[in-house]
Amino acid sequence: MKNLFPLFLLVLLFAACEDDETMTPDPYEAELQLEIVTGINVRDTNGSPIGSYGNPNVFSGEVDFYPNPAIGQANVIYFGGSGLSVKQYWIFSATKNTEYADIDYNILLNNATYSPDEVAALTVVQTNTVNLSNFALNLDNFPPGYYRIFYLMSDNTLLWDNIYVDPTATDLNQLTSERSDDF
(Lines give C-alpha, C1' and ligand atoms only; values in the text may rest on other atoms or scores of the structure.)
Protein backbone atom coordinates (compact mmCIF):
# COMPACT_ATOMS: atom_id res chain seq x y z
CA MET A 1 0.00 0.00 0.00
CA LYS A 2 2.89 2.38 0.77
CA ASN A 3 4.24 1.87 -2.75
CA LEU A 4 0.98 3.14 -4.30
CA PHE A 5 1.00 6.46 -2.44
CA PRO A 6 3.80 8.07 -4.56
CA LEU A 7 2.04 6.87 -7.71
CA PHE A 8 -1.21 8.42 -6.47
CA LEU A 9 0.56 11.74 -5.81
CA LEU A 10 2.12 11.66 -9.28
CA VAL A 11 -1.26 11.06 -10.94
CA LEU A 12 -2.82 13.83 -8.85
CA LEU A 13 -0.03 16.25 -9.77
CA PHE A 14 -0.32 15.38 -13.47
CA ALA A 15 -4.09 15.97 -13.43
CA ALA A 16 -3.66 19.32 -11.68
CA CYS A 17 -1.14 20.48 -14.29
CA GLU A 18 -3.29 19.56 -17.29
CA ASP A 19 -3.19 22.16 -20.07
CA ASP A 20 -6.19 24.50 -19.66
CA GLU A 21 -6.30 25.18 -23.42
CA THR A 22 -7.54 21.65 -24.10
CA MET A 23 -10.52 22.05 -21.81
CA THR A 24 -13.93 22.84 -23.29
CA PRO A 25 -15.17 26.33 -22.37
CA ASP A 26 -18.03 26.36 -19.90
CA PRO A 27 -20.99 28.22 -21.46
CA TYR A 28 -22.09 29.48 -18.05
CA GLU A 29 -18.66 31.08 -17.60
CA ALA A 30 -19.31 33.36 -20.59
CA GLU A 31 -22.80 34.06 -19.36
CA LEU A 32 -21.69 35.06 -15.88
CA GLN A 33 -18.91 37.37 -17.01
CA LEU A 34 -20.65 40.63 -17.65
CA GLU A 35 -17.75 42.00 -19.69
CA ILE A 36 -17.69 39.31 -22.41
CA VAL A 37 -19.11 40.00 -25.88
CA THR A 38 -19.48 36.90 -28.06
CA GLY A 39 -21.10 38.68 -31.00
CA ILE A 40 -23.33 41.60 -31.99
CA ASN A 41 -26.68 41.98 -33.72
CA VAL A 42 -26.18 44.30 -36.66
CA ARG A 43 -28.83 46.96 -37.34
CA ASP A 44 -28.90 49.73 -39.90
CA THR A 45 -29.56 53.43 -39.26
CA ASN A 46 -33.35 52.80 -39.33
CA GLY A 47 -33.16 49.97 -36.78
CA SER A 48 -33.73 47.22 -39.33
CA PRO A 49 -31.83 43.98 -38.63
CA ILE A 50 -29.04 43.19 -41.08
CA GLY A 51 -27.72 40.02 -39.40
CA SER A 52 -25.25 39.20 -36.70
CA TYR A 53 -21.53 38.74 -36.18
CA GLY A 54 -20.46 35.88 -34.01
CA ASN A 55 -22.94 34.41 -31.53
CA PRO A 56 -24.43 37.34 -29.60
CA ASN A 57 -24.87 36.66 -25.87
CA VAL A 58 -27.65 39.21 -25.56
CA PHE A 59 -31.00 39.33 -23.82
CA SER A 60 -32.49 42.46 -25.31
CA GLY A 61 -36.15 41.49 -25.52
CA GLU A 62 -38.09 44.22 -27.27
CA VAL A 63 -35.36 46.87 -27.00
CA ASP A 64 -33.26 47.73 -30.04
CA PHE A 65 -29.96 49.62 -30.16
CA TYR A 66 -29.19 51.03 -33.61
CA PRO A 67 -27.22 51.49 -35.69
CA ASN A 68 -24.94 48.72 -34.54
CA PRO A 69 -22.04 49.17 -35.13
CA ALA A 70 -22.49 52.77 -34.07
CA ILE A 71 -20.75 55.91 -35.30
CA GLY A 72 -21.03 58.83 -32.91
CA GLN A 73 -24.73 58.65 -32.12
CA ALA A 74 -27.11 55.74 -31.62
CA ASN A 75 -30.74 55.22 -30.76
CA VAL A 76 -32.53 53.01 -28.27
CA ILE A 77 -36.17 52.10 -28.76
CA TYR A 78 -38.54 49.89 -26.80
CA PHE A 79 -41.16 48.56 -29.20
CA GLY A 80 -43.15 46.29 -26.86
CA GLY A 81 -46.13 48.59 -26.56
CA SER A 82 -47.14 47.44 -23.07
CA GLY A 83 -46.49 50.79 -21.41
CA LEU A 84 -42.95 49.84 -20.37
CA SER A 85 -39.99 52.12 -20.76
CA VAL A 86 -36.26 52.08 -20.12
CA LYS A 87 -35.87 53.40 -16.59
CA GLN A 88 -32.06 53.45 -16.55
CA TYR A 89 -29.17 52.26 -18.69
CA TRP A 90 -25.49 51.48 -18.17
CA ILE A 91 -22.79 51.13 -20.84
CA PHE A 92 -19.39 49.65 -20.06
CA SER A 93 -16.36 48.39 -21.99
CA ALA A 94 -16.42 44.74 -22.96
CA THR A 95 -14.00 42.15 -24.28
CA LYS A 96 -14.62 40.20 -27.47
CA ASN A 97 -14.49 36.43 -26.96
CA THR A 98 -14.95 33.86 -29.74
CA GLU A 99 -14.68 30.69 -27.64
CA TYR A 100 -18.43 30.31 -27.18
CA ALA A 101 -19.58 30.13 -30.82
CA ASP A 102 -21.63 26.94 -30.35
CA ILE A 103 -23.64 28.00 -27.29
CA ASP A 104 -27.41 28.44 -27.69
CA TYR A 105 -27.82 31.70 -25.80
CA ASN A 106 -31.56 31.82 -26.50
CA ILE A 107 -31.95 28.89 -24.09
CA LEU A 108 -29.14 29.75 -21.69
CA LEU A 109 -30.10 33.39 -21.19
CA ASN A 110 -33.78 32.69 -20.52
CA ASN A 111 -32.70 31.42 -17.10
CA ALA A 112 -30.04 34.05 -16.44
CA THR A 113 -30.49 37.09 -14.33
CA TYR A 114 -28.22 39.84 -13.18
CA SER A 115 -29.09 42.39 -10.58
CA PRO A 116 -28.90 46.14 -11.18
CA ASP A 117 -26.40 46.24 -8.29
CA GLU A 118 -24.06 43.82 -10.14
CA VAL A 119 -24.21 45.95 -13.26
CA ALA A 120 -23.83 49.27 -11.44
CA ALA A 121 -20.72 47.92 -9.66
CA LEU A 122 -18.83 47.68 -12.96
CA THR A 123 -16.66 50.44 -14.35
CA VAL A 124 -19.35 52.25 -16.29
CA VAL A 125 -18.52 54.40 -19.31
CA GLN A 126 -21.96 56.01 -19.39
CA THR A 127 -25.15 55.74 -17.34
CA ASN A 128 -28.33 57.71 -17.12
CA THR A 129 -31.87 57.59 -15.75
CA VAL A 130 -34.17 58.16 -18.70
CA ASN A 131 -37.72 56.79 -18.14
CA LEU A 132 -38.33 56.82 -21.89
CA SER A 133 -39.34 54.26 -24.51
CA ASN A 134 -36.97 55.78 -27.08
CA PHE A 135 -33.96 58.07 -26.83
CA ALA A 136 -30.65 58.95 -28.50
CA LEU A 137 -27.18 58.34 -27.12
CA ASN A 138 -24.13 60.46 -27.86
CA LEU A 139 -21.14 58.13 -28.23
CA ASP A 140 -18.66 60.66 -29.66
CA ASN A 141 -16.29 60.38 -26.69
CA PHE A 142 -16.15 56.57 -26.69
CA PRO A 143 -12.91 54.95 -27.84
CA PRO A 144 -13.50 52.45 -30.67
CA GLY A 145 -14.37 49.05 -29.26
CA TYR A 146 -16.92 46.61 -27.91
CA TYR A 147 -19.36 47.57 -25.18
CA ARG A 148 -22.29 46.13 -23.33
CA ILE A 149 -25.42 48.13 -22.61
CA PHE A 150 -27.81 47.12 -19.85
CA TYR A 151 -31.37 48.43 -19.65
CA LEU A 152 -33.37 48.49 -16.43
CA MET A 153 -36.98 48.48 -17.55
CA SER A 154 -39.83 50.19 -15.69
CA ASP A 155 -41.03 46.76 -14.49
CA ASN A 156 -37.51 46.20 -13.02
CA THR A 157 -36.48 43.53 -15.55
CA LEU A 158 -32.92 43.79 -16.79
CA LEU A 159 -32.13 43.45 -20.50
CA TRP A 160 -28.79 43.78 -22.30
CA ASP A 161 -27.19 44.06 -25.70
CA ASN A 162 -23.68 43.95 -27.17
CA ILE A 163 -22.56 46.88 -29.28
CA TYR A 164 -19.57 48.08 -31.24
CA VAL A 165 -18.80 51.80 -31.26
CA ASP A 166 -16.36 53.69 -33.46
CA PRO A 167 -16.97 57.45 -33.43
CA THR A 168 -13.92 57.96 -35.69
CA ALA A 169 -15.39 55.96 -38.57
CA THR A 170 -16.79 57.85 -41.51
CA ASP A 171 -18.91 55.19 -43.21
CA LEU A 172 -21.26 52.69 -41.58
CA ASN A 173 -21.00 50.27 -44.54
CA GLN A 174 -17.20 50.17 -44.25
CA LEU A 175 -17.38 49.74 -40.49
CA THR A 176 -19.93 46.94 -40.86
CA SER A 177 -17.76 45.08 -43.35
CA GLU A 178 -14.70 45.45 -41.10
CA ARG A 179 -16.62 43.91 -38.15
CA SER A 180 -17.78 40.93 -40.21
CA ASP A 181 -14.22 39.53 -40.13
CA ASP A 182 -13.90 40.13 -36.38
CA PHE A 183 -15.84 37.09 -35.13
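Summarised in this report is the structure supplied together with it.

**Observations concerning the pairing of strand β3 (residues 49–54)**
Then step 1. Bridge count for strand β2 (residues 39–43) against β3 is 5 bridges, and the pairing is antiparallel. Residue pairing for β3: I40 is matched across the bridge by Y53.
Then step 2. Taken together, β2 and the strand that follows it, β3, pair antiparallel across an intervening segment of 5 residues, in which G47 is found at a positive phi of about 90°.

**A closer look at the packing of aromatic side chains**
Geometrically, a pair of aromatic rings is defined through the distance of the ring centres and the angle of the planes.
Then step 1. Summed over all chains, the structure comprises 6 aromatic pairs.
Then step 2. Ring geometry for Y89 against F135: centres 5.5 Å apart, planes inclined by 20°, an arrangement best described as stacked. In this pair, Y89 sits in strand β6 (residues 86–93) while F135 sits in strand β9 (residues 134–138), placing the two residues 46 residues apart along the sequence. Summarising the burial analysis for this pair, Y89 and F135 share the class buried.
Then step 3. Arranged with centres 4.8 Å apart and planes meeting at 65°, the rings of Y146 and Y164 form a pair that is edge-to-face. Linking Y146 in strand β10 (residues 145–153) with Y164 in strand β11 (residues 158–165), this pair joins segments that are 18 residues apart in sequence. The residues Y146 and Y164 share a single accessibility class, namely buried.
Then step 4. Three or more aromatic residues link up through ring pairs in this structure, and these residues are F59, F92, F150 and W160.

**Brief notes about the side chain of R43**
Then step 1. Positionally, R43 belongs in strand β2.
Then step 2. In this structure the side chain of R43 is engaged in a polar contact, spanning 3.1 Å, whose partner is the side chain of D64.

**Structural notes on the environment of A169**
Then step 1. In this structure, A169 sits in the loop between β11 and α5 (172–180).
Then step 2. By relative accessible area, A169 is classed as buried at 18%.
Then step 3. In this view, A169 contacts I71 and L175; residues no more than four positions away in its chain are not counted.

**What about the side chain of N68?**
Then step 1. Relative to the assigned elements, N68 resides in strand β4 (residues 63–71).
Then step 2. On the basis of relative accessible area, N68 is assigned to the buried category, the value being 0%.
Then step 3. Within the local environment of N68, its side chain forms a polar contact with the backbone oxygen of N162, the two atoms lying 3.0 Å apart.
Then step 4. Not counting chain neighbours up to four residues away, the residues in contact with N68 comprise I40, N41, V42, R43, N162, I163 and Y164.

**Regarding the pattern of salt bridges**
Should their charged atoms come close, side chains of opposite charge can pair.
Then step 1. As enumerated under the stated definition, the model contains 1 salt bridge in all.
Then step 2. Here D64 and R43 are joined by a salt bridge, their closest N and O atoms 3.1 Å apart. Here D64, found in strand β4, pairs with R43, found in strand β2; they are 21 residues apart in sequence, far enough to count as distant. Neither D64 nor R43 differs from the other in exposure class; each is buried.

**Comments concerning the pairing of β11**
Then step 1. For β11, the buried fraction is high: 8 of the 8 residues fall into the buried class.
Then step 2. Here β11 shows two buried faces, one formed by L158, W160, N162 and Y164 and the other by L159, D161, I163 and V165.
Then step 3. Note: β10 against β11, 8 bridges, orientation antiparallel. Bridging across to β11, I149 finds its partner in D161.
Then step 4. Here β10 folds back onto β11, and the loop between the two strands holds 4 residues, one of which, N156, carries a positive phi near 70°.

Rules and cut-offs
- Residues numbered from 1 in each chain as written.
- Predicted model: local features only at pLDDT ≥ 70, side-chain atom pairs only at ≥ 80, totals over all residues.
- Heavy atoms only, no water.
- Pairing = 2+ DSSP bridges.
- Helix = DSSP H or I, 4+ residues; strand = E, 2+ residues; numbered from the N terminus.
- Phe/Tyr/Trp six-rings, centres within 6.5 Å; stacked < 30°, edge-to-face > 60°.
- Buried < 20%, exposed > 50% of the residue type's maximum accessible area, 1.4 Å probe, protein only.
- Polar contact = N/O pair within 3.5 Å; in protein donor to acceptor, adjacent residues only side chain to side chain.
- Contact = heavy atoms within 4.5 Å.
- Salt bridge = Lys/Arg side-chain N within 4 Å of Asp/Glu carboxyl O.

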